[in-house]
Amino acid sequence: MILVTGVSGALGGLVLAGLSAIDGLEVVPGTRSGDGEAARRIDFDDPATLATGFQGADVLVFVSAGYAEDDVVLARHGAVVEAASAAGVRHVIYTSLAGSGDLMSIALPHRWTEARLAAAPFDVTVLRNGLYAELLAGFAAMAAEQAAATGVFTASLGTGRVSAVARQDLADAAVRVAAETWRDLSAGGRSRHAGKTYDLEGVTALGGQDLADAITGVSGHKVEYRPASLADTREALTGIGLEPYQVTHTLSLLSNIGAGVLEAHGTDLTALLPGEPRSVHDLITETLLSLKHSA
Ligand SMILES: NC(=O)c1ccc[n+]([C@@H]2O[C@H](COP(=O)([O-])OP(=O)(O)OC[C@H]3O[C@@H](n4cnc5c(N)ncnc54)[C@H](OP(=O)(O)O)[C@@H]3O)[C@@H](O)[C@H]2O)c1
């Protein structure tokens, strides 16, 4: 049986949908709000739910739960590794952070988790996910109205660019790895993906002017990109009531984009997808168009 954690989330939901559409797989959803019938209750903050919830799972799709301070995330992820070991899970597929993100503040819990998994008694596949294109689309969407009105799109992206991936492509890659792992285990062997780490970086890198151009294309108003300082963005993010760790991680992301280190120079994504990765430009344009039509 394949157990998918975090199915109420965007990525976990897409992975569950993809696996559920494949004939012959036994797939079980896990989520914090699970009632034990439609879905198992899987709360990384409550190890008792893991001891029960992981029972009978051969393959665990472990979706990271990174929205918290590092100490909380380490405790959560450590509890998953311990419970999966105790429950006799045979193969864990972990959704991690792309290699280009090594200098980001969120890298620490991801790399710590990868090390814990590597020392565990089960086989592991690490899916190092690139930045969701939906996040960039969100940045553009939040600023679109003001940018169209003023002709200026302001963000702390410096002159760097980031390689982004459609979340659906990351889900499709996870579905393929999980389904093939299940088939390999069912045939009495180990997964062909055992011990592999896949860097699922985007094939398209975008920066501030690319987002400004997307706003221009949808609004019909010429928009130029103007970099904002990190200090101004820190003040703005703090002012809108984000948790302190969210400010830290967002600033770190922007700082890494500005420094140019999130532009990838290779990817395993194309090898895991049946066709070309989805167009990040189209995804951003569609997001801006849907915003325009709902206004
Ligand atoms: N690659 C990127 O650009 C990027 C960006 C942001 C975050 N991430 C990471 O990727 C993960 C999935 O992204 P997403 O877009 O699906 O996020 P999302 O829609 O915000 O969903 C959050 C996820 O975290 C899970 N979660 C939170 N606390 C949990 C806990 N105590 N125990 C078990 N699960 C818990 C949720 O599971 P349930 O609600 O179903 O229990 C849900 O799957 C995030 O959690 C984060 O670690 C990646």
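The rules we used
Residues numbered from 1 in each chain as written. Predicted model: local features only at pLDDT ≥ 70, side-chain atom pairs only at ≥ 80, totals over all residues. Heavy atoms only, no water. 1 Å grid on protein atoms, 1.4 Å probe; cavity = no way out; pocket = protein on both sides within 12 Å on 5 of 7 lines; lining within 4 Å. Points joined across faces, edges and corners; volume = space filled by probe spheres on them. Nonpolar A, V, L, I, M, F, W, Y, C, P; charged D, E, K, R; others polar. Axes fitted to C-alpha atoms, helices over the stretch in contact; angles between N-to-C directions. Helix = DSSP H or I, 4+ residues; strand = E, 2+ residues; numbered from the N terminus. Parallel < 35°, antiparallel > 145°, perpendicular 65-115°, else oblique. Left-handed = near helix turned anticlockwise from the far one by under 90°. Contact = heavy atoms within 4.5 Å. Core = buried A, V, L, I, M, F, W, Y, C linked by side-chain atoms within 4.5 Å. Buried < 20%, exposed > 50% of the residue type's maximum accessible area, 1.4 Å probe, protein only. Phe/Tyr/Trp six-rings, centres within 6.5 Å; stacked < 30°, edge-to-face > 60°. Lys NZ or Arg CZ within 6 Å of the ring centre and 35° of its normal. Domains from an automatic or database assignment. Buried area = accessible area lost by both parts, 1.4 Å probe. Near = heavy atom within 4 Å. Polar contact = N/O pair within 3.5 Å; in protein donor to acceptor, adjacent residues only side chain to side chain. Areas by Shrake-Rupley, 256 points an atom, 1.4 Å probe, with all protein chains shown as cover.

*Asks:* Would you mind going over empty space enclosed by the protein with me for this structure?
*Replies:* Here the idea is plain: a probe the size of a water molecule rolls over the atoms and shows the empty space left. The tally for this structure, following the rule as stated, stands at one cavity of 30 Å³ or more. Volume-wise, the largest cavity comes out at about 40 Å³. Lining the largest cavity, in full, are Ala 164, Val 165, Ala 166, Asp 169, Gly 202, Val 203, Thr 204, Leu 269, Pro 277, Arg 278 and Val 280. When grouped by side-chain class, the residues that make up the lining of the largest cavity number seven nonpolar, two polar and two charged.

*Asks:* Sorry if this is basic, but what is going on with the packing of helix α5 (residues 133–150) against helix α7 (residues 208–219) here?
*Replies:* Any two packed helices are characterised by the angle at which their axes cross and by the distance between the axes. Where α5 meets α7, the axes come as close as 9 Å, and the angle between the chain directions of the two elements is 60°. Here α5 is positioned oblique relative to α7, judged by the angle of their axes. The handedness of the crossing between α5 and α7 is right-handed. On α7, the residues touching Leu 136, Ala 140, Ala 144, Ala 147 and Ala 148 of α5 are Leu 211, Ile 215 and Ser 219. In terms of residue class, the contact of α5 with α7 is built from seven nonpolar, one polar and no charged.

*Asks:* What exactly am I supposed to notice about the layout of surface pockets here?
*Replies:* There is about 230 Å³ of room inside the second largest pocket. If you trace the second largest pocket, you find 11 residues lining it, with Ala 144, Glu 145, Leu 288, Leu 291 and Lys 292 closest to the centre. Taken together, the elements giving at least two residues each to the lining of the second largest pocket come down to α5, α7 and α11 (280–294). It is α5 that contributes the most residues to the lining of the second largest pocket, four residues altogether. Of the residues belonging to the lining of the second largest pocket, the class tally is eight nonpolar, one polar and two charged.

*Asks:* Honestly, the nonpolar core in this entry has me stumped. Any pointers?
*Replies:* Core analysis: the largest hydrophobic core is formed by 32 residues, its most contacted members being Leu 136, Phe 153, Leu 157, Leu 211, Ile 215, Ile 284 and Leu 288. If you list the elements that add at least two residues to this core, you get α5, β8 (152–155), β9 (161–165), α7, α9 (244–258) and α11. By residue number, the principal contributor to this core is α5, which donates eight residues. The contact partners of Ile 284, leaving out residues within four places of it in the chain, are Ala 133, Leu 136, Ala 137, Ala 140, Leu 206, Leu 211 and Ala 214.

*Asks:* Sorry if this is basic, but what is going on with the packing of aromatic side chains here?
*Replies:* The geometry of an aromatic ring pair is captured by the separation of the ring centres together with the interplanar angle, meaning the angle of the planes. According to the stated counting rule, one finds three aromatic pairs in the structure shown. Each ring, one from Phe 44 and one from Phe 62, has its centre 5.5 Å from the other, and the planes form 90°; the classification is edge-to-face. Note that Phe 44 is positioned in the loop between β3 (40–41) and α2 (47–53) and Phe 62 in strand β4 (residues 59–63), a separation of 18 residues in sequence. Comparing Phe 44 with Phe 62, the two get one shared label, buried. Arranged with centres 6.0 Å apart and planes meeting at 40°, the rings of Phe 153 and Tyr 225 form a pair that is tilted. One end of the pair, Phe 153, is in strand β8; the other, Tyr 225, is in strand β12 (residues 224–227), with 72 residues separating them in the sequence. One aromatic cluster is present, formed by Phe 44, Phe 62 and Tyr 94 through successive ring pairs. Directly above the ring of Tyr 132 sits Arg 167, whose terminal nitrogen or CZ lies 4.2 Å from the centroid.

*Asks:* Would you take a moment to explain the domain arrangement of the protein for this structure?
*Replies:* Buried accessible area, meaning the area lost when the parts come together, often serves as the stated size of an interface. Split by domain assignment, the protein resolves into domain 1 (2–129 + 166–200) and domain 2 (132–163 + 203–263 + 278–290). Here the C-alpha centroids of domain 1 and domain 2 sit 29 Å apart. With 17 residues of domain 1 in contact, the opposing surface of domain 2 contributes 13 residues. When domain 1 packs against domain 2, the two sides together hide about 1400 Å² of surface, and 55% of this comes from carbon and sulfur.

*Asks:* Honestly, the site of the ligand in this entry has me stumped. Any pointers?
*Replies:* Around the ligand, 23 residues are found, and the nearest of them are Leu 11, Thr 31, Arg 32, Ser 64 and Tyr 132. The backbone of Phe 44 places a nitrogen or oxygen atom 2.8 Å from a nitrogen atom of the ligand. One of the side-chain N or O atoms of Arg 167 is found 3.0 Å from an oxygen atom in the ligand. Burial of the ligand by the protein amounts to 85% of the accessible area it has alone, namely 880 Å². Counting only elements with at least two residues in the shell around the ligand, the list comes to α1 (10–20) and β7 (131–132). Among the residues forming the shell around the ligand, the class breakdown is 11 nonpolar, seven polar and five charged.

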